[in-house]
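Understanding the architecture of this molecule
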Amino acid sequence: MRVLGVDPGLTRCGVGVVDGVAGRPLTMVGVGVVRTPADAELGLRLVAIEQGIEAWLDEHRPEFVAVERVFSQHNVRTVMGTAQASAVAMLCAARRGIPVALHTPSEVKAAVTGSGRADKAQVGAMVTRLLRLDAPPKPADAADALALAICHIWRGPVTTRLQQAVAQNRLQQAVAQHAAGTLKTPHAPNTRQAPKGRTA
């Protein structure tokens, strides 16, 4: 499985590609950051991020794209920029038909370090160890992107199986309700006209 992890951001958008499957050693394929100037117009910055991510998709051809799920922060401006960069990453993947998974920061930290409250230094250290690197990737956005990819490789198949099980269970319940006659279906509209009253 090859996963492109994207740590979204307007100024620095971390990207990292990891190969592997759960339970086996993982391999880093590439890591980097897509940068945009803070004083540039927003639309141009989003275009630059799109072009950067498209270049990574062209070069590495991942099977999945894992993006950090945007969560609420005190700094609304930061949240908006992160959400916009996240949307660009999802758009690039969807346009190519590549499945996209969203993982929360705490989910990624828990998967990589065992603690959902780990700091960036701990995440970087574990990414370095898991991928057998000489040093933690810099900046932290790059390490976070690799952590996202690792998280999806380890948790993605489990999440998919759970979603499939839930969907199968709902289907079975619907079939059972239909067989029992308890499934509600919309009534057809009454097209019959009331008889006209007689006139004297």
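Residues numbered from 1 in each chain as written. Predicted model: local features only at pLDDT ≥ 70, side-chain atom pairs only at ≥ 80, totals over all residues. Heavy atoms only, no water.

This paragraph deals with the overall build of the protein chain. Counting its secondary structure elements, the protein chain contains five helices and five strands. In the protein chain, the order of α-helices and β-strands from amino to carboxyl end is β-β-β-α-β-α-β-α-α-α. Each of the 200 residues in the protein chain was classed as buried or not, and the buried ones make up 36%. In the protein chain, of all internal contacts separated by at least 6 residues, the share reaching a separation of at least 24 is 62%. As displayed, the protein chain has an accessible area near 12,400 Å², and 55% of this comes from carbon and sulfur atoms. (Helix = DSSP H or I, 4+ residues; strand = E, 2+ residues; numbered from the N terminus. Buried < 20%, exposed > 50% of the residue type's maximum accessible area, 1.4 Å probe, protein only. Contact = heavy atoms within 4.5 Å. Areas by Shrake-Rupley, 256 points an atom, 1.4 Å probe, with all protein chains shown as cover.)

A few words on helix α3 (residues 105-113). The complete set of buried residues in α3 reads Pro105, Glu107, Val108, Ala111 and Val112. The arc that holds the buried residues of α3, viewed along the axis, is 160°, so those residues lie on one side. Looking one or two residues past α3, Gly114 carries a phi angle of roughly 95°, positive in sign. (Arc of directions from axis to C-beta.)

Most peptide bonds adopt trans geometry, and most residues besides glycine take a negative phi value. Cis rather than trans, the peptide bond between Lys138 and Pro139 has omega equal to -5°. Here Pro139 lies in the loop between α4 (120-130) and α5 (140-180). Although it is not a glycine, Arg61 sits at a positive phi angle of roughly 45°. Relative to the helices and strands, Arg61 resides in the loop between α1 (42-60) and β4 (64-68). According to the relative accessible area criterion, Arg61 is exposed, its value standing at 62%. If you check the backbone angles, Arg132 has positive phi at about 55° while not being a glycine. Mapped onto the elements, Arg132 comes out in the loop between α4 and α5. Classification of Arg132 as exposed rests on a relative accessible area of 52%.

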